[in-house]
Amino acid sequence: NYYGLRSDLSVKKLMPGQRVLFVSSRDDARQNPGNVEQNEELFNLVPEGVQKELIIYEHAGHGTTMLESTEKPDLMETITRFIQNG
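Residues numbered from 1 in each chain as written. Predicted model: local features only at pLDDT ≥ 70, side-chain atom pairs only at ≥ 80, totals over all residues. Heavy atoms only, no water.

**Q** Quick question: what am I supposed to make of the overall build of the chain here?
**A** Scanning the chain from N- to C-terminus turns up 3 helices and 2 strands. Each helix and strand of the chain, ordered N terminal to C terminal, gives the series α-β-α-β-α. A burial count over the chain gives 28% of its 86 residues as buried. At a minimum sequence separation of 6, the contacts of the chain that also span at least 24 residues come to 63%. (Helix = DSSP H or I, 4+ residues; strand = E, 2+ residues; numbered from the N terminus. Buried < 20%, exposed > 50% of the residue type's maximum accessible area, 1.4 Å probe, protein only. Contact = heavy atoms within 4.5 Å.)

**Q** Before we go on, may I ask you to explain the packing of aromatic side chains in this structure?
**A** For any two aromatic rings, the description comes down to two numbers: the centre-to-centre distance and the angle of the planes. With the rule as written, the count across this model stands at 1 aromatic pair. Between Phe22 and Phe43, the ring centres sit 6.2 Å apart and the planes meet at 75 degrees, which makes this aromatic pair edge-to-face. Separated by 21 residues along the polypeptide, Phe22 in strand S1 (residues 19–25) and Phe43 in helix H2 (residues 35–45) bring together distant segments of the chain. The ring of Phe82 carries the charged tip of Arg19 above its face, separated from the ring centre by 3.9 Å. Over the face of the ring belonging to Phe43 we find Lys52, whose NZ or CZ atom lies 4.2 Å from the ring centre. (Phe/Tyr/Trp six-rings, centres within 6.5 Å; stacked < 30°, edge-to-face > 60°. Lys NZ or Arg CZ within 6 Å of the ring centre and 35° of its normal.)

Next comes the structure, spelled out in structure tokens:
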């Protein structure tokens, strides 16, 4: 639940042929406790036929700071490739 938006409901509405990418970091616990676990739960709720990918980092930070992480400097390329290959 992010400011009243229920991600679980949205994930369950994905249709075969659609794609979804989840990215999370274990050290995000200070800003968003349980973030990795929440992403794993959402990943498991994705309906059959939906292409899904889950990326979990150890030390990539919170939100857009993951794009600047030295742990996985090619995250922007990974996201771009995910979008382009759809």
